[in-house]
Amino acid sequence: MKVLVTGGLGFIGSHTVVCLLNEGYEVVIIDNLSNSSISVLEGITRITEKSPEFCKIDLRDKSKVADFFENHQDIDGVIHFAASKAVGESVKKPLLYYENNINTLVYVLQEMRRKQLTNFIFSSSCTVYGQADELPINENAPLKKAESPYGNTKQIGEQIISDYAKDHEIFKAISLRYFNPIGAHPSAEIGELPIGIPQNLIPFITQTAAGKRDMLSVFGNDYPTADGTCIRDYIHVMDLAQAHVVALERLMKNKNKKTYEIFNLGTGKGNSVLEVIKTFEKETNQKLPYKITARREGDIISAYADTKKANEELGWKAKFNLADSLKSAWKWQQKQV
Ligand code: WQD
């Protein structure tokens, strides 16, 4: 079975490619390398001893997308990661985000329709919920007005897929709403490669512990939580990657109950920023310098997943805990120059 993975050299995409190759799938990767490096492909090969086909294509170029599908007639499934994903950047560059996250999705779906391709997995995010009224968050939670253009592109993307699945009898799709992906492959051959100053908590922590950053800023400790800092559901990227294989197999083996399904992917456990810091220090024996600063605009107070649907219907459950994820992130950081 051949699977197209768009954004396959990105953080979650590359780990998913490893899991697909290890399960015996043939993989074709599309990536424009705007937020990744060709070295990730070498890392995938070192881990799996396989060299998946790689096509450097910018999916914003509609004709290039058509050419790809013209030259690849035997695609059995598509996992679509390719998108820009920095919340803060999306506020500053909304049009870049709408073009890169929406147009590319439409072009891929148009080619799937032309070729009558059926199995599609979409990389979505818990950001679509905004600050949920009820915790843990289940898939029926109402979608609030997105806090950022990035979050809006995920809501719009899901709607596009839902509308297309409704009017196309053979097309089947699953959207996976990730909570907070962290960590790295246990071999430390691949991991998170933030470009510039990390926006996300874990890479900032590991770079601070490695001496690349002077100090971590904790964005606010006056939230209505036990220790005043925000709570998130930090899920190991390997658990997340495996979930994509399980979801694809659900579609390929026609186990899906509806033509379009949605699953939350988290551990079901929330941890505060201070708890993450303490766990990191304990697991790595590194002292982490940090200071409390002002809140970051757009941050929600607390988000963690109700994992019941993913556990019982998808048949997937996160295996790793926060300590495992932080240790793998640190091992990966120590290999960076
Ligand atoms: C986590 C917590 C910060 C950095 C975003 C997107 C989500 C997904 C993951 C793409 C928050 C605090 C952070 C720092 C801090 N992205 N923090 N100091 O914002 O929950 O989720 O990234 O799919 O869609 O919304 O993740 O890691 O940025 O922040 O105190 O230097 O850490 O305030 O409470 P977030 P994050």
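Since the structure is predicted, the reported quantities are computational estimates derived from the model, not experimental observations.

Procedures and definitions
- Residues numbered from 1 in each chain as written.
- Predicted model: local features only at pLDDT ≥ 70, side-chain atom pairs only at ≥ 80, totals over all residues.
- Heavy atoms only, no water.
- Helix = DSSP H or I, 4+ residues; strand = E, 2+ residues; numbered from the N terminus.
- Rg over C-alpha atoms; globule rule 2.2 N^0.38 Å.
- Buried < 20%, exposed > 50% of the residue type's maximum accessible area, 1.4 Å probe, protein only.
- Near = heavy atom within 4 Å.
- Polar contact = N/O pair within 3.5 Å; in protein donor to acceptor, adjacent residues only side chain to side chain.
- Areas by Shrake-Rupley, 256 points an atom, 1.4 Å probe, with all protein chains shown as cover.
- Nonpolar A, V, L, I, M, F, W, Y, C, P; charged D, E, K, R; others polar.
- Salt bridge = Lys/Arg side-chain N within 4 Å of Asp/Glu carboxyl O.
- Phe/Tyr/Trp six-rings, centres within 6.5 Å; stacked < 30°, edge-to-face > 60°.
- Lys NZ or Arg CZ within 6 Å of the ring centre and 35° of its normal.
- Contact = heavy atoms within 4.5 Å.
- UniProt positions renumbered as here; feature names shortened; annotations may be inferred.
- Axes fitted to C-alpha atoms, helices over the stretch in contact; angles between N-to-C directions.
- Parallel < 35°, antiparallel > 145°, perpendicular 65-115°, else oblique.
- Left-handed = near helix turned anticlockwise from the far one by under 90°.
- Pairing = 2+ DSSP bridges.

Participant: What exactly am I supposed to notice about the overall build of the protein here?
Facilitator: When its secondary structure is counted, the protein shows 11 helices and 13 strands. The C-alpha radius of gyration computed for the protein amounts to 19 Å, which stays within 12% of the reference 20 Å derived for 337 residues, consistent with globular compactness. By principal-axis analysis of the C-alpha atoms, the protein measures approximately 55 × 45 × 40 Å. The proportion of buried residues among the 337 residues of the protein is 54%.

Participant: So what exactly am I meant to see when it comes to the site of the ligand here?
Facilitator: What surrounds the ligand is a group of 19 residues, the closest being Tyr150, Leu201, Ser217, Arg232 and Asp299. At 2.8 Å, a side-chain N or O of Tyr150 approaches an oxygen atom of the ligand. Here an oxygen atom of the ligand and a backbone polar atom of Phe219 are 2.9 Å apart. When the ligand sits alone it has 690 Å² of accessible area, and the protein chains cover 90% of it. By residue number, the principal contributor to the shell around the ligand is strand 8 (residues 216–219), which donates 4 residues. A class-by-class count of the residues in the shell around the ligand yields 9 nonpolar, 6 polar and 4 charged.

Participant: Help me understand the pattern of salt bridges, please; the structure alone is not making it clear to me.
Facilitator: Once their charged atoms are close, side chains differing in charge can pair, the charge on each being opposite to the other. On inspection of all chains with the given rule, the structure shows 22 salt bridges. Residues Asp61 and Lys64 are paired through a salt bridge, measuring 3.5 Å at the closest nitrogen-oxygen approach. Classification of Asp61 as partly exposed rests on a relative accessible area of 29%. Across the pair Glu313 and Arg250 runs a salt bridge, and its minimum N-O distance is 4.0 Å. Here Glu313, found in helix 10 (residues 308–314), pairs with Arg250, found in helix 8 (residues 237–252); they are 63 residues apart in sequence, far enough to count as distant.

Participant: Just to check I follow, could you spell out the packing of aromatic side chains for this structure?
Facilitator: To describe a pair of aromatic rings, one takes the distance between the centres and the angle between the planes. Overall, the coordinates contain 4 aromatic pairs when judged by the stated rule. Seen in terms of ring centroids, Phe120 and Phe171 are 5.9 Å apart; in terms of plane orientation they differ by 35°. Their pairing is tilted. A residue pair is termed long-range when its members are at least 10 positions apart, and Phe120 in strand 5 (residues 119–125) and Phe171 in the loop between helix 6 (149–166) and strand 6 (172–178) qualify at 51 residues. Across the pair, Phe171 and Phe120 agree in class, each one buried. The rings of Phe120, Tyr164 and Phe171 are connected pair by pair, giving a single aromatic cluster. Lying over the aromatic face of Tyr223, Arg295 brings its terminal NZ or CZ to 4.0 Å of the ring centre.

Participant: What's the story with the environment of Lys154 in this structure? I'm lost.
Facilitator: Mapped onto the secondary structure, Lys154 falls in helix 6. For the pair Lys154 and Glu99, spaced 55 residues apart in sequence, the C-alpha to C-alpha distance is 13 Å. When near neighbours in sequence (up to four residues on either side) are disregarded, Lys154 contacts Ala83, Phe122, Ser123, Ser124, Ser125 and Val128.

Participant: It is not clear to me how the UniProt feature "domain: NAD(P)-binding" (unreviewed entry) in the protein should be interpreted in this structure. Could you clarify?
Facilitator: When the UniProt feature table is mapped onto this chain, "domain: NAD(P)-binding" (unreviewed entry) is found at residues 4–326. Split by type, residues 4–326 is 39% helix and 17% strand. Its first and last C-alpha atoms lie 30 Å apart.

Participant: I tried to follow the packing of helix 5 (residues 94–114) against helix 6 on my own but got confused; where do I start?
Facilitator: Any two packed helices are characterised by how steeply their axes cross, that is the angle between the axes, and by the distance between the axes. Look at helix 5 against helix 6: their axes get within 9 Å of each other, and the N-to-C directions meet at 20°. As the angle between them shows, helix 5 and helix 6 are arranged roughly parallel. Helix-helix and strand crossings are classified by hand; for helix 5 and helix 6 the assignment is right-handed. Of the residues in helix 6, those touching helix 5 at Pro94, Tyr97, Tyr98, Asn101, Ile102, Leu105, Val106, Leu109, Met112 and Arg113 are Pro149, Tyr150, Asn152, Thr153, Ile156, Gly157, Ile160, Ile161 and Tyr164. Residues that form the contact of helix 5 with helix 6 fall into these classes: 14 nonpolar, 4 polar and 1 charged.

Participant: What is the right way to look at the sheet that holds strand 3 (residues 53–56) in this model?
Facilitator: Paired through backbone hydrogen bonds, the strands of a sheet run either parallel or antiparallel to each other. Read from one edge of the open sheet, 7 strands run 3-2-1-4-5-6-11, paired in parallel fashion. Only two strands of the sheet have a single partner each, and these edge strands are strand 3 and strand 11 (260–265). Direction aside, the axes of adjacent strands within the sheet are offset by 20° on average. Pairing of strand 5 with strand 6, which is carried by 7 bridges, proceeds in the parallel orientation. Each bridged residue has a counterpart across the sheet, and for Ile121 the counterpart in strand 6 is Ile174. Each of strand 4 (77–80) and strand 5 is contacted by helix 5, which is oriented at about 170° to strand 5, the strand it contacts most. Strand contacts of helix 8: strand 1 (2–6), strand 4, strand 5, strand 6 and strand 11, with the helix running at about 160° to strand 6, the strand carrying the most contacts.

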